[in-house]
Structures are given as structure tokens and as C-alpha cells.
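Reading the structure
Okay, here's what each chain looks like letter by letter:
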Amino acid sequence: MTPDPEVYEQQKNEIEQQYAQHNLDRDMAAAYRSSLAEDPREHARKLRAENRGLFVFLLLVFAAFGLFVWLR
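Structural notes on the overall build of the protein chain
Each helix and strand in the protein chain was counted, giving 2 helices and 0 strands. What you see for the protein chain is a C-alpha radius of gyration of 27 Å, clearly larger than the 11 Å of a compact globule of 72 residues, by over 25%. C-alpha atoms of the protein chain, sized along the principal axes, occupy 85 × 40 × 5 Å. Scored against the burial criterion, the 72 residues of the protein chain give a buried share of 0%. Total accessible area computed for the protein chain in this model is approximately 7,200 Å², and 64% of it derives from carbon and sulfur atoms.

Description of a nonpolar patch on the surface
Taken together, F65, F68 and V69 make up a surface patch of nonpolar side chains, about 330 Å² in accessible area. Taking the relative accessible area as the measure of exposure, F65 reaches 53% and is therefore exposed.

Brief notes about the pattern of salt bridges
The full count for this structure, using the stated rule, is 3 salt bridges. With a shortest N-O distance of 3.5 Å, R41 and D39 are connected by a salt bridge. According to the relative accessible area criterion, R41 is exposed, its value standing at 60%. For R45, the salt bridge goes to E42, with nearest N and O atoms at 2.7 Å. Taken together, the positions of R45 and E42, both in helix α2 (residues 40-71) and 3 residues apart, correspond to about one turn of that helix. Residue class for R45 comes out partly exposed when judged on its relative accessible area of 46%.

Focus on the environment of V7
In this fold, V7 is placed in helix α1 (residues 5-37). Of the residues examined, V7 reaches a relative accessible area of 41% and is grouped as partly exposed. Residues V7 and L54, 47 residues apart in the sequence, show an inter-C-alpha distance of 57 Å.

Some details on the environment of D4
With respect to the helices and strands, the residue D4 is situated in the segment before α1. The exposure class of D4 is partly exposed, given its relative accessible area of 38%. In the structure, D4 is positioned 35 residues away from D39 in sequence and 56 Å away in space, judged by C-alpha atoms.

Thresholds applied
Residues numbered from 1 in each chain as written. Predicted model: local features only at pLDDT ≥ 70, side-chain atom pairs only at ≥ 80, totals over all residues. Heavy atoms only, no water. Helix = DSSP H or I, 4+ residues; strand = E, 2+ residues; numbered from the N terminus. Rg over C-alpha atoms; globule rule 2.2 N^0.38 Å. Buried < 20%, exposed > 50% of the residue type's maximum accessible area, 1.4 Å probe, protein only. Areas by Shrake-Rupley, 256 points an atom, 1.4 Å probe, with all protein chains shown as cover. Patch = residues over 30% accessible without salt bridge, like charges linked within 9 Å, V, L, I, M, F, W, Y side chains within 5 Å. Salt bridge = Lys/Arg side-chain N within 4 Å of Asp/Glu carboxyl O.

Here it is, written out as C-alpha cells:
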């Protein structure tokens, strides 16, 4: 009597799910450690730079819109 192939397939799926969960846990732990490694002052500096860039972009959009309305 040979074992049912479905049993092997089910065991294989369970093992793959366990590996996937293990890899997910490992990746999440690494991401958490890397997020703690960043200095809060450096993070604040990055946020300020992003905010300045967005503000300049917004000003350019308003200037382009104003120029469009003025020339029309």
C-alpha cells in the first residue's frame, strides 16, 4: 500500500508556509533593527528636506497656474 500523494502535497505546503513565516519574521526583525539604527536628528533633517522640496514644488505649481491664467 503506497501513501496518498495528497498527504505529501499537504506536508509540502505546510513546510513552505513555515519557511515563508520564518522569512517574514526575520525580515520584519531586520527592518525593525534598521529603523532603530537611524538617529532621530538625522530623521528630522530628512523630513525637513522633504518638506522643503514639496513646498518648492507646490510654489512652482502655483506659479505655473498663475502664469497660465495671466497669459490667457
